[in-house]
Amino acid sequence: SRYLFRNFRIQNAPNTNLTIGRNGNGSNATVHDITIKNPASDAADPSHNTDGFPIWTQYVNIYDCEIDTGDDNVVCDDNAQYVHVWNCKLWAGHGASIGSYTKNMHDIIYEDLTLDGTDCGFRLKSNRDRSRDVYNIIFRNCTMTNVPSPFVLTSWYDKIPASPVEVMLSPDELIETTPRFRDVLIQNVKVSGHTSYKSSPKNYYGIFIISSSE
């Protein structure tokens, strides 16, 4: 614990770029002035699973970084708590994300971010086999340009239903790992260049929220 990463560049990683912690271990990290550069997931020669900063632990500060990649630019997963990401630039990638593994997660702040050309802006994603209570999530003072899906919250990771009717036709039992997202704040976020289109349900809306049926 208590470690620092700063002042370097990662390019063309074969998988995730800088994984911070695991299983709640490796806490108290500071990361700044790092550039990450990988092909986008829709490039002619794409990269996949190249998350920029996957976070799996507590007390993490990330600032003054640039992430251009083929998966989540920055993502909090199981055991991410008291995480602060600010003053970063996100280019190609899946945006500032939470999940899909969302156990033991709370008090996460993404702020003062510039997102340009990411396919999602803020993305909270989970499924009923991998979650619990997720709370105190803040997105504030951010700017998005040319982002097709500015805000997505889904309990149907990788399988978004076509409509709310489809959700209610298949009710599930409430279990321990059912996703529960609460106390989520979006504040002072400016979006420009967003064009609603019907290529998929989540791309049609500026804000798209779909919970599990239970």
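Rules of the game
- Residues numbered from 1 in each chain as written.
- Predicted model: local features only at pLDDT ≥ 70, side-chain atom pairs only at ≥ 80, totals over all residues.
- Heavy atoms only, no water.
- Pairing = 2+ DSSP bridges.
- Helix = DSSP H or I, 4+ residues; strand = E, 2+ residues; numbered from the N terminus.
- Axes fitted to C-alpha atoms, helices over the stretch in contact; angles between N-to-C directions.
- Salt bridge = Lys/Arg side-chain N within 4 Å of Asp/Glu carboxyl O.
- Buried < 20%, exposed > 50% of the residue type's maximum accessible area, 1.4 Å probe, protein only.
- Core = buried A, V, L, I, M, F, W, Y, C linked by side-chain atoms within 4.5 Å.
- Contact = heavy atoms within 4.5 Å.

Teacher, can you tell me more about the sheet that holds strand β14 (residues 149-154) here?
Picture the strands of a sheet paired through backbone hydrogen bonds; they go either parallel or antiparallel. Taken together, six strands build an open sheet; the order of strands is β3-β6-β9-β12-β14-β16 and the sheet is parallel. Looking at strand neighbours, the two that pair on one side only are β3 (53-55) and β16 (207-210), the edges of this open sheet. Between one strand axis and the next, the sheet turns by 10° as a mean value, whatever way the strands run. Across five bridges, the pairing between strand β12 (residues 120-125) and β14 is parallel. Each bridged residue has a counterpart across the sheet, and for Arg123 the counterpart in β14 is Val152.

When you look at the pattern of salt bridges in this model, what are you seeing that I'm missing?
Between side chains of opposite charge, a pair can form as their charged atoms come close. If you walk through the whole model with that rule in mind, you get 10 salt bridges. Asp68 is paired through a salt bridge with Lys37; the nearest N and O atoms lie 2.6 Å apart. With a gap of 31 residues between them, Asp68 in strand β5 (residues 66-68) and Lys37 in strand β2 (residues 29-37) connect regions that are remote in the sequence. A residue is classified by how much of its surface remains accessible, and Asp68, at 14% relative accessible area, is buried. The partly exposed category is assigned to Lys37, whose relative accessible area is 35%. The shortest N-O distance in the salt bridge between Arg182 and Asp133 comes to 2.9 Å. Placement of Arg182 in strand β15 (residues 180-192) and of Asp133 in strand β13 (residues 133-145) is noted, with a sequence separation of 49 residues between them.

Help me out: how do you make sense of the nonpolar core in this one?
What tends to happen in soluble globular proteins is that the nonpolar side chains get buried as a cluster. By size, the foremost hydrophobic cluster in this structure holds 39 residues, and its most contacted members are Phe53, Ile62 and Tyr110. Here this core takes five residues from β13, the largest share from any one element. Leave out the neighbours within four places in its chain, and Phe53 touches Leu18, Val31, Ile34, Ile36, Ile62, Cys65, Ile67, Asn73, Val74 and Val75. If you look at the next biggest cluster of nonpolar residues, it comprises six residues, including Val152, Trp156, Val167 and Ile210.

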